[in-house]
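A look at the structure
Residues per chain are reported as follows:
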Amino acid sequence: MISRGTQPITEDDQTIAAMLEVAEVPTLLASLAYVTGDLSLLREELKQDPTKLAEPDAGFDPERSAAIRAIALQALIRYRDGGCQPVPPPDDDTLHTIMEFAVGSEVPLSHRPLLEEELSVTGDDMRAPDWSKDDIDPERPFLVAIIGAGMSGLLAAHRLQQAGVPYLIIEKNGDVGGTWLQNTYPGCRVDITNHVYSYSFAQRTDWPFHFSTQDVLLDYFRDCADRFGLRENIRFGTEVLSCDWDEASSTWNLHVRDASGEFIVKANAMISAVGQLNRPQKPDIDGLDDFAGPAFHSAEWRHDVDLTGKRVAVIGNGASAVQFVPVIARSAAEVTIFQRTPNWLFPVPNYMEPVAPGLTWLFNHIPSYAQWHRFWLFWKGTEGVLPACRVDPGWPSTEHSTGVLNEELRNLLTMYLQYEFMDHPELAAQAIPQYPPASKRIVLDNGTWTGTLKQDHVHLVSTGIAEVTPTGVRSADGVLHEVDVIIYATGFQASQFLTPMRVTGRDGVELHDQWSGDARAYLGVMVPNFPNFFMLYGPNTNIVVNGSIIYFSECEVNLMIGCIKLLLQDSLQSLDCRKDVHDAYNEWIDAGNLQMAWGVATVNTWYQSKSGRVAQNWPYGLLEFWEQTRAPKADDYVLV
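All values reported here derive from a predicted model rather than from experimental measurement.

**Details of the packing of aromatic side chains**
Evaluation of the coordinates by the stated rule reveals 30 aromatic pairs. Taking 5.7 Å as the distance between ring centres and 80 degrees as the angle between the ring planes, the aromatic pair formed by Tyr199 and Phe221 counts as edge-to-face. Linking Tyr199 in the loop between helix H8 (179–182) and helix H9 (214–227) with Phe221 in helix H9, this pair joins segments that are 22 residues apart in sequence. Like Phe221, Tyr199 is buried. An aromatic cluster is present here, built from Phe378, Tyr522, Tyr551, Phe552, Tyr585, Trp588, Trp618, Tyr620, Phe625 and Tyr637 joined pairwise through their rings.

**Observations regarding H9**
Between the first and last C-alpha of H9 there are 20 Å, a value that for 14 residues agrees with the 20 Å anticipated at 1.5 Å per step. Turning to H9, its buried residues are Gln214, Val216, Leu217, Leu218, Tyr220, Phe221, Cys224 and Ala225. The elements touched by buried residues of H9 are helix H7 (151–162), H8 and helix H17 (549–569). Positive backbone phi, approximately 65 degrees, marks Gly229, located one or two places after H9.

**Let's talk about the sheet that holds strand E16 (residues 480–482)**
In spatial order, the strands read E14-E15-E16; together these three strands make up an open sheet with antiparallel pairing. Of all strands in the sheet, those with a lone pairing partner are strand E14 (465–469) and E16, marking the two edges. Shown here is a sheet whose adjacent strand axes are inclined to one another by a mean of 20 degrees, direction ignored. The pairing of strand E15 (residues 472–475) with E16 spans three bridges and is classified as antiparallel. From the neighbouring strand, Arg474 faces E16, where its bridge partner is Leu480.

The rules we used
Residues numbered from 1 in each chain as written. Predicted model: local features only at pLDDT ≥ 70, side-chain atom pairs only at ≥ 80, totals over all residues. Heavy atoms only, no water. Phe/Tyr/Trp six-rings, centres within 6.5 Å; stacked < 30°, edge-to-face > 60°. Helix = DSSP H or I, 4+ residues; strand = E, 2+ residues; numbered from the N terminus. Buried < 20%, exposed > 50% of the residue type's maximum accessible area, 1.4 Å probe, protein only. Expected span 1.5 Å × (residues − 1). Contact = heavy atoms within 4.5 Å. Pairing = 2+ DSSP bridges. Axes fitted to C-alpha atoms, helices over the stretch in contact; angles between N-to-C directions.

This is the structure we're talking about:
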């Protein structure tokens, strides 16, 4: 359930103390100072050490943590005995002081507006449109078509609804949720903590897990669709086949199909919210169709296939496999994993742990504690380990690492793998990557994956695959691994944006022909020759080691809403990105990616298109993208 306010504290001192034992201490005093107005709680010796954000417990040793909890207990007792009445919100300078205490370092004034949006400590939706179509041009017919009812599509619809702009969501599935509706494989869960992987304006204080499972996330997005009244404007079971720009009327013609047949939807603007990870990628292996038993992709899980007592081959070992293999290994007779390249694993002890009831109590009883906790997580992830992914000038070789910090990260991650496989040296040899960390997606682990690989009935094969036969998989060393079921954990067609949809813009230009295999966009949102067309989670908006994709979607939607405002307030028919602006931007993006591990490494990765260009990733910090998407610059566009 989405949070709708805090509850008064009625518990006795002993109970409150017990709840504080599980509190996340970094922002505990900051939240209490905000609620009570008592800045004496912000003791210098108890401030966060910004150099220890990534350490266990954020570098707070037991003695300091105990001191923080003792001070917090007395503050909460006073707050309870005073009738649980928060003081009025502080002025900007005081809020800034509390922010700096919470993160333990100076917060530049340039960052403050962004951080205030993310903090949203009053519960207000600070990214809501500050305008309405009724105030600008109430009589003008203007419909926005949104393709997809996943996370980004629902977000776009909500913002348009807030601005009073008519919209229609076209969704090929029977419900909302996108990837969280389609991916139902065992063990599916998010790899960003839910207190950040959620809309800034629709927070929950009762997440059951720190990293929630697929069913919980699907319920969250369903709840958002219901709460914001979006379902009545969604056409479910409807697929977009192609889209054509009509220059004469300045509208998009969407050719769609549902159970009754094909028809056309006309729209003044169009938003693609189909995502990057929505079309499964099957491997290119000889004999793939010859296998006699059940074979399916993890994104198209066959729940009718009982794996109990079966011999199962898993082709691929990426993030999905790391999640579902430990689950199926509990009942399968044998699991053989065919690995092309090993993963770097980042140890996260609470990856599969439930949120402690005491922590949920604190979220629900201390006004703003949940917001300050989310603020701290956001700050910690603003840069994340981005500096450790950069290429140091003059670094002798980028084959194994890209710089001093990347080498340090490599050593830390190697130590984790060596520790996990200390009693299985043959697995350590197979499991420790030989490429720089962050060249590929770093996979989270709490020991479950490494523990699964050490089980006697689980086998890791890293010699490559020669062919699939009717009875199994033959590895490159000639061994036939006979199996009953094959599961493909081979990812998605990430670089083939918008496929198989056909999008035709000005002068009959087809989008995929213009891209020629290398998808590019201005700010990841707009492409020249395609007026009034906006993409969410488009080219170069994937983030690797910092932030949440929901943050990026909120920034992108903010830009899109600004563009629609521009069209309405100036009585314009079309807005098209200038080619020179688009090209200069992409040169900057390409230069940035070539300074990152994923841009220089030669290891195979879904981050790169067939040409080798990084078409997915954003190579800079979160602040840069927020600044660029706050409002459209009219000079960047051809306005008609």
